[in-house]
Amino acid sequence: MYRAPTGGAIGGSAGLAMTGADVGWWIALGLALLVTGFLLLHANRRRARRVAG
């Protein structure tokens, strides 16, 4: 049975390559999730400041 080399880490670039998706899409998805999280955090802090003030 063939086992893909992942370097001991779960996932990694070899794991992403095995999914058949281009790594660029994974990077774009990660950036989109980071931006979404930042915007939600910023909105939550602004709402909390408005309620407290």
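Being a predicted model, the structure only gives us computed values, none of them experimental.

### A word on the overall build of the chain
Inference 1: Counting its secondary structure elements, the chain contains 2 helices and 0 strands.
Inference 2: Out of the 53 residues in the chain, the part that is buried amounts to 2%.

### A closer look at a nonpolar patch on the surface
Inference 1: A cluster of nonpolar side chains, Val23, Ile27, Leu31 and Leu34, forms an exposed patch at the surface whose accessible area comes to about 390 Å².
Inference 2: Along the polypeptide, valine 23 turns up in helix α2 (residues 23–52).
Inference 3: Judged by its relative accessible area of 35%, valine 23 falls in the partly exposed class.

### Some details on the UniProt feature "transmembrane region" (unreviewed entry) in the chain
Inference 1: According to UniProt, the "transmembrane region" (unreviewed entry) feature falls on residues 23–41.
Inference 2: Structurally, residues 23–41 comprises 100% helix and 0% strand, and the distance from its first C-alpha atom to its last is 27 Å.

What counts as what
- Residues numbered from 1 in each chain as written.
- Predicted model: local features only at pLDDT ≥ 70, side-chain atom pairs only at ≥ 80, totals over all residues.
- Heavy atoms only, no water.
- Helix = DSSP H or I, 4+ residues; strand = E, 2+ residues; numbered from the N terminus.
- Buried < 20%, exposed > 50% of the residue type's maximum accessible area, 1.4 Å probe, protein only.
- Patch = residues over 30% accessible without salt bridge, like charges linked within 9 Å, V, L, I, M, F, W, Y side chains within 5 Å.
- Areas by Shrake-Rupley, 256 points an atom, 1.4 Å probe, with all protein chains shown as cover.
- Salt bridge = Lys/Arg side-chain N within 4 Å of Asp/Glu carboxyl O.
- UniProt positions renumbered as here; feature names shortened; annotations may be inferred.

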